[in-house]
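Listed here are the chains, written in short residue letters.
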Amino acid sequence: MTRVRNVLFVMCDQLRWDYLSSYGHPTLQTPNLDALAGRGVRFTNAFVQSPSCGPSRMSFYTGRYVNSHRSFANFVPLPVDELTIGDYLRPLGIQAVLEGKTHVEPNFAALNRLGVDFTSASGRMACAGGFVERDRHDGVLADPTSDEALRNQYARFLREHGYHSENPWLDFANSAQSPAGEPLSGWSLRHARLPARVKEEHSETAYTTQRGIDFIRAQGDSPWFLHLSYIKPHWPYVAPAPYHAVYNAGHVIPARRNDAELDQPHPLYASYLKHAASRTFSRHKTRETVIPVYMGLIKQIDDQLGKLFEFLDRSGRMGDTLIVFTSDHGDYLGDHFLGEKELYHDCVNRIPLIVYDPDARSDSTRGTACSSLVETIDILPTCLDALGLAPPSDTLEGRSLLPLLESGETTGWRDRVYCEFDYSFRGETRRELGRSPKHCATFTIRTQEWKYVYVDGFRPILFDLRNDPDEFHDLGADPNYESVCRDFESDLFCWLIARKRYTSVNESYVTGFLDDARFNSMAIGQW
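Just so you know, these numbers come straight off a predicted model, no measurement behind them. (Residues numbered from 1 in each chain as written. Predicted model: local features only at pLDDT ≥ 70, side-chain atom pairs only at ≥ 80, totals over all residues. Heavy atoms only, no water.)

### Comments concerning the pattern of salt bridges
Should the charged atoms of two oppositely charged side chains come close, the side chains can pair. If you walk through the whole model with that rule in mind, you get 43 salt bridges. Note that E310 is salt-bridged to R314, the shortest N-O span being 3.7 Å. Here the residue E310 and the residue R314 both occupy positions in helix α13 (residues 284–315), the gap between them amounting to four residues, near one helical turn. A salt bridge links E471 to K451; the shortest N-O distance between them is 2.6 Å. Here the residue E471 occupies a position in the loop between β15 (461–464) and α18 (482–497), and K451 occupies one in strand β14 (residues 450–455), the gap between them amounting to 20 residues. K451 matches E471 in its accessibility class, with the two residues each being buried. A network of salt bridges, in which partner residues are shared, links R16, D18, R256, D335 and D470. (Salt bridge = Lys/Arg side-chain N within 4 Å of Asp/Glu carboxyl O. Helix = DSSP H or I, 4+ residues; strand = E, 2+ residues; numbered from the N terminus. Buried < 20%, exposed > 50% of the residue type's maximum accessible area, 1.4 Å probe, protein only.)

### Overview of the nonpolar core
For soluble globular proteins, the rule of thumb is that nonpolar side chains tend to be buried together. Core analysis: the largest hydrophobic core is formed by 47 residues, its most contacted members being L8, Y19, L36, L305, L308, L312 and F325. Those elements giving two or more residues to this core turn out to be β1 (6–13), α1 (31–39), α10 (204–219), β7 (225–233), α13, β8 (321–327) and β9 (350–356). A per-element tally of this core places α13 first, with 13 residues. When near neighbours in sequence (up to four residues on either side) are disregarded, L36 contacts F309, M318, I323, F325, I354 and Y356. Residues L98, V104, L396 and L405 belong to the second largest nonpolar core, which totals 40 residues. (Core = buried A, V, L, I, M, F, W, Y, C linked by side-chain atoms within 4.5 Å. Contact = heavy atoms within 4.5 Å.)

### Let's talk about the pairing of β9
A large share of β9 lies buried, amounting to seven of its seven residues. Residues of β9 alternate between two faces, with R350, P352, I354 and Y356 on one and I351, L353 and V355 on the opposite face, all of them buried. Where strand β2 (residues 41–47) meets β9, five bridges bridge the pair, whose relative direction is antiparallel. Paired with F43 across the bridge in β9 is L353. As defined by bridge partners, β8 adjoins β9 across four bridges and the pair is classed as antiparallel. The residue bridging F325 from the neighbouring strand is I354, located in β9. (Pairing = 2+ DSSP bridges.)

### Observations concerning the packing of aromatic side chains
In the structure shown here, the tally under the stated rule is 23 aromatic pairs. With 4.8 Å between their ring centres and 55° between their planes, F108 and F118 make a pair best called tilted. Taken together, the positions of F108 in helix α5 (residues 108–113) and F118 in the loop between α5 and α6 (121–127) put the pair 10 residues apart, joining distant regions of the chain. Measuring from ring centre to ring centre gives 6.4 Å for W169 and W187, while their planes differ by 55°; the resulting arrangement is tilted. Separated by 18 residues along the polypeptide, W169 in helix α9 (residues 168–173) and W187 in the loop between β6 (183–185) and α10 bring together distant segments of the chain. Owing to a relative accessible area of 1%, W169 belongs among the buried residues under this scheme. When its relative accessible area of 37% is taken as the criterion, W187 is described as partly exposed. What links up through ring pairs into an aromatic cluster is the set Y65, Y418, F443, Y454 and W495. (Phe/Tyr/Trp six-rings, centres within 6.5 Å; stacked < 30°, edge-to-face > 60°.)

### Quick word on helix α2 (residues 53–62)
Most of α2 is tucked away, with 10 of its 10 residues classed as buried. Residues C53, G54, P55, S56, R57, M58, S59, F60, Y61 and T62 constitute the buried set of α2. Remark: G63 follows α2 within two positions and exhibits a positive phi of approximately 70°.

### Quick look at α18
Taking 1.5 Å as the rise per residue, α18 with 16 residues should run 22 Å; its terminal C-alpha atoms sit 23 Å apart, in good agreement. Among all positions of α18, only V484, C485, F488, D491, L492 and W495 are buried. Viewed along the axis of α18, the buried residues span an arc of 120°, placing them on a single side of the element. When the buried face of α18 is taken as reference, the exposed residues oriented beyond 90 degrees from it are R486, D487, F493 and I497. The inward-facing, buried residues of α18 contact β12 (417–422), β13 (441–446), β14 and β15. (Expected span 1.5 Å × (residues − 1). Arc of directions from axis to C-beta.)

### Considerations on empty space enclosed by the protein
Think of a ball as big as a water molecule: rolled over the atoms, this probe shows where empty space is left. Overall, the coordinates contain seven cavities of 30 Å³ or more when judged by the stated rule. The computed volume of the largest cavity comes to approximately 70 Å³. Considering the residues around the largest cavity, the lining is formed by Y154, A173, A196, V198, S203, E204, T205, K232, V238, P240, L297 and Q300. Secondary structure elements with two or more residues in the lining of the largest cavity: α10 and α13. The residue makeup of the lining of the largest cavity, split by class, is seven nonpolar, three polar and two charged. The calculated volume of the second largest cavity comes to roughly 60 Å³. Lining the second largest cavity are F47, V48, Q49, D346, N349, V417, Y418, C419, T444, R446 and K451. Elements with a contribution of two residues or more to the lining of the second largest cavity: α14 (346–349), β12 and β13. At three residues, the largest contribution of residues to the lining of the second largest cavity is made by β12. The residue makeup of the lining of the second largest cavity, split by class, is five nonpolar, three polar and three charged. (1 Å grid on protein atoms, 1.4 Å probe; cavity = no way out; pocket = protein on both sides within 12 Å on 5 of 7 lines; lining within 4 Å. Points joined across faces, edges and corners; volume = space filled by probe spheres on them. Nonpolar A, V, L, I, M, F, W, Y, C, P; charged D, E, K, R; others polar.)

Quick look at the structure:
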């Protein structure tokens, strides 16, 4: 019987669940990920814990809901006592190695208070969220003088290959080139159909893949855990040739939106409709210009993963490596008249998830699709379980997916998923709605039949997914559905009460406390 010795945890940034051919996209072909799905299980109802990079990834890395790990927005650090996947793997002698993006924000204030030296081994580990940063590249190096930009190995790589500028990430990898050779900013969506100013082999996606292959090759037969984290297809929407031109407007699927959504919209939704990205992506010209490039970036990732999977097969590592492929959230791309991410619709909260387990016990489910509701917090316990380490129930809030992989048995599985988003950093919306930064919370509960959204200070949002799977008709203000909303609000209260916040001691410490030697001579309350 094969035993998992290694884990390859692949994540894309801002990849929608429905932009892979195995998930039904009619024109985008991703044969290598389709092949991985044929060897593993494709989860069709996988959901993030937050539709924003930072908090979503922290839920992946901690196995805990946002309300528990408390990193509620981008650039909000985890508390220093939060355990991450690296902390759980270290006792096994395995390091959680990073190639690519994490969005981990160092908690400098807490580390300073504790007197931790940031340059020490433990200090570097704490600043990296428990990862060994072999090559961290979060992208968006807008400030070339920042510490991140100055340390960035990809920028150094570009300079070594002849792309000389103060900021080669922006000036070459994420800038377009006109037919006359003129550099054009990748931040301008109008330039998306032009090729990037780097060769394909020097692009971020190709670079990240090669770094991953180099790492795996260097490990030989030693066990490893690699988080291979691609920046794309996250903006800037710029692709290297030939991927900038693989698709055109004829390959773009229609936007999921309906004019009924604009009739007396919920105040939060109404505010997001005014954001620049929403106004821009509501235009057909934007979608016809940008989405083909978004598709091209995904096609490039699939081709690069094909090279990686071929290497794993040749080296024998496909036989002892658990592979998880997923995304940190989706992208509106004009659906619901919105751009970017952050709200509550499936196009941003739902993600692709493919899991390949080489263990023979998973043979019966290979090539199948699982419709059970799964969450990103399930990935960490799945990895630990596959490596033979019992997931600690005192801290982890997710569940191992191995039972679904090994037998497909769904009895007793969850019937709902939970997602959180705090819009306090969206200053224009917060001010428009008259909310203070501490009162911008939203919570989404999704079942197979309903989607309920609690919005602090406002009426709820409700969709009947059986009759309205595209989420066009908000029933939250309809008095006929007051009881449904009350039931979900009660469920939300119970869910919040059940969060695992008391993590400084485990259950055995609590249950065995009075057996401690310090109480041997005590007789409190006896007559």
